[in-house]
Each structure stands twice: as structure tokens, then as C-alpha cells.
Amino acid sequence: MSSEPKPWAGRFTEATDAFVEAFTASVDFDKRLAPYDIRGSIAHASMLKRIGVLNEEECETITDGLEQILAEIERGEFSWSVKLEDVHMNIEARLTERIGEAGKKLHTGRSRNDQVATDVRLYLRHEIDRITGEILRFQQALLDLAEREADTIMPGFTHLQVAQPVTFGHHLLAWCEMLARDYERLLDCRKRVNVMPLGAAALAGTTFPLDRFYTAELLGFDRPAANSLDAVSDRDFAIEFTACASLIMMHLSRFSEELILWTSAQFGFIDLPDAFCTGSSIMPQKKNPDVPELVRGKSGRVFGHLMSLLILMKSQPLAYNKDNQEDKEPLFDTVDTLRNCLRAFADMMPHVRPNRDGMYKSAQKGYATATDLADYLVRKGVPFRDAHEIVGKAVRLGIETGRDLSQLSLTELQQLSVTIGPDVFEILTLEGSVSARKHFGGTAPEQVRAAVKRARQRLEEVAKT
Ligand code: ARG
């Protein structure tokens, strides 16, 4: 027999195979649930006291013992044993070692099945709150930059070809909108995370008259889970979180890609702070955008975790199955990756230095005001399809003679359409183009400033809740 008897060894006559012991153990990774496990156990003990299963003294001894164990863990003095399989049995065994008989009573009316599901939910709720905090910090930085760059003109792209001029502030606010939806999704997910499995015991509930509403209240859960079978086996809350995380990582990968393009000499739109870049060991001139590149790369592992969790749950019969132990590593890594990537962006954003001149010059190339000229012709009574044709010819003339639309002469333009007058040059400028798009949601500097204001109000309201 192994030196540390298993809490469940009663019906066994043989010791666990050493390889199987290591193969089935989860303590190496689930020990990070320890603070939540201890919090859950303290609440469970208080409830057991309330319903008369534990006496006052037993409850107090258990609570003190668990708090001391938490301190041991925090000081790094706790010795974790693979023989005790997981975080739950490690802590329980240590409790009995410290306080004796009372420790053996803690597990009354409880199973590791409802215990682990409760721990993971407490953990995830805490992490969601940290992650939403990082999103807000990132949005704040974007709004500050968007406000400063409300008048900055850059080329807007479709198909990565210059399409129409936009303001840099407007572009940054597009990112901000994506993050606002990400934030809402996480808050919505949190509602389904914040439901308490404890009391479901192994699968069918327990013969003790547990007050699950009381335990739920102590742990800050909105309510106890309504069905014991579902409570111990549901992991869709973790899948839902990972789906939310995947969407955020997808957004971050898009932001990353743009930052990487913009820092290149070919674009030259922005400069990233040295503190967020690295050099090359061979090419002395290099300053590489490592942080966005890594974030772009890390999106892949989070999408992978989403697939892992979906496949993990697929076809599992009710109720708890050991398969579920495999939920932790993908979930933990999703949380860490997402939080770190958001943090990197939130820290980096305030130091992004836009190259206004570079953006402006780039917007001057590529006939970005062609649509403005077509709209001008429509206002003069030309049907849009004809206007499109006329402007196409003007662009061809520009390409052939190496000039922008605003550099064509009035006579040349009038040869294409007699309706064109000298007022055309106002709308052919980049400034005219962006400031004309001044409806709600448009790129005009005044709209950017209004959108920043609205977004700031939204953030303030969110911060209050
Ligand atoms: N370590 C286990 C897990 O993560 C705890 C629950 C074990 N329950 C059981 N009946 N073996 O899922």
C-alpha cells in the first residue's frame, strides 16, 4: 500500500498502481483552485453548523484550520502529494492532520463532484472580473488616443487597397466597439457561471437537510443550481467563457495584424514604444513588433482550447465523469492567455505614437476621394451609375499622368462631365471628404468626438455597476 492511504481506500484490497496514481492525479494543475476550495469549504461548514450537523466548536476548528492551510499554501509551505490525487483531498487530509476528528466531518453531504464544480465557478467568476477590468483599461486608452487623433486623416481600406479617407480616431473607435461587445458577452456569461453546484453532492443530492440557499449567499452565488445531475456535470459555462475568450482573441489578432502592418516601413503609420518591441540578434536596424505578433499567435491556442472543451463534453452521459478533470488545463490556459494579452494591449496603447504625416501622405495616394467626386456628380443631377463611369475615367487619366484627382485641371474634368464646376476642388480634398461624413457613426472629426463622449459615458456607467 502507498504510504498515504486514500480517503476512498475502504473497499480496495490492492494499492493503486504507481503509474495510474500519477496518471489520474490532477493536483499539479488543480492546486490553483486551493483558495476557492477553501472558501467553499468554510461556507459549507458554516451551513452544516446552521443545520445542526456540526456544532459551534467543530465549525470554528474547521474554519481556523482551513484558514491556516490557506496561509501555508500562500507561503509556499504546503506539501502537495500526488498520492492524494487532487487539490480537494490534499486540503482535506491536511485539515484532519492539523485539527483531528472534526476535520473528518467536513465532507458530510458533499462530494468532490459538486466541490470541484463549485471551485471552478468561483475561480472563473473572479477571473472574469479581472478580465473585464483589463478590457475597460484598454478601452480607456483607446478613447484617449481616439480623442487626440479625431482630426488625423489616414486611408481607410477595403481588400487592403486604399478605399476612402477616414480619421484615425474613427478607426480606433471601431476597435472600441468590438471590445464593448466582448465586455457585454463576458458579463452575460458571468450570470451563468455564478450558479452554485454545491449540495448536489455526487449526483443525486444528499440525505442531509442542506440549506443550499444559505451556502449560495455566503459564496456570493446568485442561486443554487436547480438540478443536482446537471449541477455536477455541466461544463457549458466553461465552454461559453472560452467562446467569449476566443472572440476577444480573434479581435486582438485583428488589432495586432493592423499594428504590425502600420509599424512597417511600407505603411509607417505608427511607432510602437521601444519597451514593447525587441531587436534582432543579426540585423542591427530591426525593431520588431513582438507583442502584437505574439498576441496574434496566441489566439490560436485559445481557439484550440474551445475545440478541446467542446469535444471533451461531447457525448458524455449524465452525470459526472472523470473526463471532466480534463476541463481545467484548457480553461486555465485560456484565462491566463486572455488576461495577459489584454494587459499587454492596455499597457501598450497609451504609448503608441501616430505618424500623422505618414498617414496623410498615404491617404493622398490611391484616389481615396473618388467616391466623393461621384457623390458630387449625383448632387448635380447625374445618375450614380453614370457618375461612377465618369469618375473611373478621371482616375484612369490620373494614373496615366501620375496625378491625384485634385491635381487634374478644371478643363480636364469638364471634358469628362460638363456639370463639374470649380467648387469640385473642395470635395476632392481629404479634409472635405472626411468632414462630409458627419452623420451618426460616420468618420467626421465632429462625430469621432461625439462618439468618444458617448463611449466615455458608457464606461462611467459600467464602472458604477
Ligand atoms: N479531480 C477531480 C476533477 O477535477 C475532482 C472530482 C473527482 N470526482 C470523482 N468522483 N473522482 O474532476
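Above: the structure in question.
Rules and cut-offs
Residues numbered from 1 in each chain as written. Predicted model: local features only at pLDDT ≥ 70, side-chain atom pairs only at ≥ 80, totals over all residues. Heavy atoms only, no water. Helix = DSSP H or I, 4+ residues; strand = E, 2+ residues; numbered from the N terminus. Buried < 20%, exposed > 50% of the residue type's maximum accessible area, 1.4 Å probe, protein only. Patch = residues over 30% accessible without salt bridge, like charges linked within 9 Å, V, L, I, M, F, W, Y side chains within 5 Å. Areas by Shrake-Rupley, 256 points an atom, 1.4 Å probe, with all protein chains shown as cover. Salt bridge = Lys/Arg side-chain N within 4 Å of Asp/Glu carboxyl O. Lys, Arg positive; Asp, Glu negative; His and termini not counted. Charge placed at Lys NZ, Arg CZ, Asp CG, Glu CD. Near = heavy atom within 4 Å. Polar contact = N/O pair within 3.5 Å; in protein donor to acceptor, adjacent residues only side chain to side chain. Contact = heavy atoms within 4.5 Å. Axes fitted to C-alpha atoms, helices over the stretch in contact; angles between N-to-C directions. Left-handed = near helix turned anticlockwise from the far one by under 90°. Nonpolar A, V, L, I, M, F, W, Y, C, P; charged D, E, K, R; others polar.

Undergrad: I'd like to hear about unusual backbone geometry, residue by residue, with values.
TA: Here the bond from L318 into A319 is cis, since omega is 0°, no more than 30 degrees from zero. Structurally, A319 can be placed in the loop between α11 (290-313) and α12 (328-348). Of note, E85 is a non-glycine position whose phi angle comes to about 65°, a positive value. Structurally, E85 can be placed in the loop between α4 (56-74) and α5 (87-99). The buried category is assigned to E85, whose relative accessible area is 10%. Despite not being glycine, Y367 shows a phi value in the positive range, around 55°.

Undergrad: How would you summarise a negative patch on the surface if you had to cite specific residues and measurements?
TA: Residues D28, D323, E326 and E329 make up a contiguous surface patch of negative charge. Mapped onto the elements, E329 comes out in helix α12.

Undergrad: Go over a nonpolar patch on the surface, please, and point to the residues and values.
TA: On the surface, F19, V20 and F23 cluster together into a nonpolar patch covering about 350 Å² of accessible area. Along the polypeptide, V20 turns up in helix α1 (residues 18-24). Classification of V20 by relative accessible area gives partly exposed; the value is 35%.

Undergrad: Kindly report on the site of the ligand, identifying the contributing residues and their values.
TA: With respect to spatial proximity, the complete set of residues near the ligand consists of S26, D30, D86, H88, R112, N113, V116, Y320, Q325 and K328. Here Y320 contributes a side-chain N or O atom positioned 2.4 Å from an oxygen atom of the ligand. Within the complex, 86% of the 340 Å² of free accessible area of the ligand lies under protein. Ranked by the residues each element gives to the shell around the ligand, the list is headed by helix α6 (residues 112-148), at three residues.

Undergrad: I'd like a description of the environment of W262, backed by residues and values.
TA: Position of W262 relative to the elements: it lies in helix α10 (residues 236-263). Once the C-alpha coordinates of W262 and P354 are considered, the two residues, 92 residues apart in sequence, prove to be 9.4 Å apart. In contact with W262, other than residues within four places in its own chain, are M154, F168, H171, W175, F267, G268, F269 and I270.

Undergrad: Which residues make up the side chain of Q325, and what values do they have?
TA: By secondary structure assignment, the location of Q325 is in the loop between α11 and α12. A distance of 2.9 Å separates the side chain of Q325 from the backbone oxygen of T24, its partner in a polar contact. When residues no more than four places from it in sequence are discounted, the contact partners of Q325 are T24, A25, S26, F29 and Y320.

Undergrad: Report on the pattern of salt bridges, specifying residues and quantitative values.
TA: Under the criterion given, the structure shown has 43 salt bridges. The partner of E77 in a salt bridge is R75, with the nearest N and O atoms 3.0 Å apart. In this structure, a network of salt bridges that share partners links the residues R32, E127, R130, D336 and R339.

Undergrad: Residue-level account of the packing of α10 against α12, with values.
TA: Two elements in contact, α10 and α12, have axes whose closest approach is 10 Å; the angle formed by their N-to-C orientations is 35°. Along this stretch, α10 crosses α12, giving a crossing that reads as left-handed. Contact residues: α10 offers A238, F241, T242, A245, I248, M249, L252, F255, S256 and L259, while α12 offers L331, T334, V335, T337, L338, C341, L342, F345 and M348. For the contact of α10 with α12, the class distribution of residues is 15 nonpolar, four polar and no charged.

Remember, this is a structural readout, not a statement about activity or role.
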